[in-house]
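Coordinate inspection notes
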Amino acid sequence: MDVRHCSDGETVIHFRAAGVTLLAAHLLFVGWLTLRPLDVPWITAANFEPLAGIRADLALGPAEAVRRIGGALLLLAPLGVLLPMAGGRIFVSPWVSLLRTVAAGALISLAIELGQTGVPGQVVDIDSLLLNTTGVVLAHLLVVPVCRARLRRRGVPGVRDLPHHRPETRLRDEAPGGSTPTITGVGLAP
């Protein structure tokens, strides 16, 4: 259920606008960070073998592994929170929300990896796709259900009035989309 239908719709509009603004800013930053040309003397080959890059990072030692793997996990992790925030939904199945967010995060990560094929100094790495998507999942699971539960408990103005909480009443003859509007007092042209 969209939050924008509650009586305090202006608050919701500001909340969604903040989510969209932060999402756009984060995506611009990620695009700049990942799609800018690098001046390097040599580049490694593209990695299409899952977990090979992670194993190579772990072989470099714990400090370097944490830096590389942690960086890949954190790069798109804010999307796990910003995508649902920009959507503005409070009453939605947690599984549907997680699925939507993970799918969007994976597609954004895939677009970045595919975009890197044309950027000098950047290479495609399947492990980046896996780690970026895992970061989105972890951020979503850690933050979004707690925030939605808090918003529900806090009693966002108008939330109790949403059709989601009251049984639907419809006349037997009325179509599922509602009754057809009629215009009275309109005569036919001669």
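The structure under discussion appears in the preceding block.
Residues numbered from 1 in each chain as written. Predicted model: local features only at pLDDT ≥ 70, side-chain atom pairs only at ≥ 80, totals over all residues. Heavy atoms only, no water.

1. Section: the packing of helix α4 (residues 79-87) against helix α5 (residues 94-115)
Helix-helix packing is described using two parameters, namely the angle between the two axes and the distance between the axes. Following both chains from N to C, one finds α4 and α5 inclined at 120°, their axes separated by 10 Å at the closest point. Crossing angle aside, the handedness with which α4 passes α5 is right-handed. Packed against α4, whose contacting residues are Leu79, Gly80, Leu83 and Pro84, the element α5 presents Ser97, Thr101, Ala104, Gly105 and Ile108 at the interface. Tallied by class, residues from the contact of α4 with α5 come to 5 nonpolar, 4 polar and no charged. (Axes fitted to C-alpha atoms, helices over the stretch in contact; angles between N-to-C directions. Helix = DSSP H or I, 4+ residues; strand = E, 2+ residues; numbered from the N terminus. Left-handed = near helix turned anticlockwise from the far one by under 90°. Contact = heavy atoms within 4.5 Å. Nonpolar A, V, L, I, M, F, W, Y, C, P; charged D, E, K, R; others polar.)

2. So, the packing of aromatic side chains
Within the structure shown, the criterion is met by 1 aromatic pair. A ring pair is formed by phenylalanine 29 and tryptophan 32, whose centres lie 6.2 Å apart and whose planes are at 35°; its orientation type is tilted. Of this pair, phenylalanine 29 and tryptophan 32 both sit in helix α1 (residues 9-35), separated by 3 residues, roughly a single helical turn. Residue class for phenylalanine 29 comes out partly exposed when judged on its relative accessible area of 44%. A relative accessible area of 49% means that tryptophan 32 is categorised as partly exposed. Note that arginine 36 overlies the ring of tryptophan 32, its terminal NZ or CZ placed 4.4 Å from the centroid. (Phe/Tyr/Trp six-rings, centres within 6.5 Å; stacked < 30°, edge-to-face > 60°. Buried < 20%, exposed > 50% of the residue type's maximum accessible area, 1.4 Å probe, protein only. Lys NZ or Arg CZ within 6 Å of the ring centre and 35° of its normal.)

3. Some words on the environment of alanine 18
Along the polypeptide, alanine 18 turns up in helix α1. Given a relative accessible area of 30%, alanine 18 falls into the partly exposed group. The spatial distance from the C-alpha of alanine 18 to the C-alpha of alanine 86 is 7.5 Å, given a sequence separation of 68 residues.

4. Description of the pattern of salt bridges
In a structure, side chains of opposite charge can pair up when their charged atoms sit close to one another. Following the criterion strictly, the structure yields 4 salt bridges and no others. Notably, a salt bridge pairs glutamate 64 with arginine 67, separated by 2.7 Å at the nearest N-O pair. Here arginine 67 and glutamate 64 lie together in helix α3 (residues 62-75), a separation of 3 residues that amounts to about one turn. Exposure remark for glutamate 64: the relative accessible area of 24% places this residue in the partly exposed category. Of the charged contacts, one joins glutamate 64 and arginine 68 as a salt bridge, the two residues approaching to 3.0 Å between their closest N and O atoms. A residue pair is termed a helical-turn pair when its members lie 3 or 4 positions apart in one helix, as glutamate 64 and arginine 68 do in helix α3 at 4 residues. It is possible to trace a salt-bridge network through shared partners that takes in Asp57, Glu64, Arg67 and Arg68. (Salt bridge = Lys/Arg side-chain N within 4 Å of Asp/Glu carboxyl O.)

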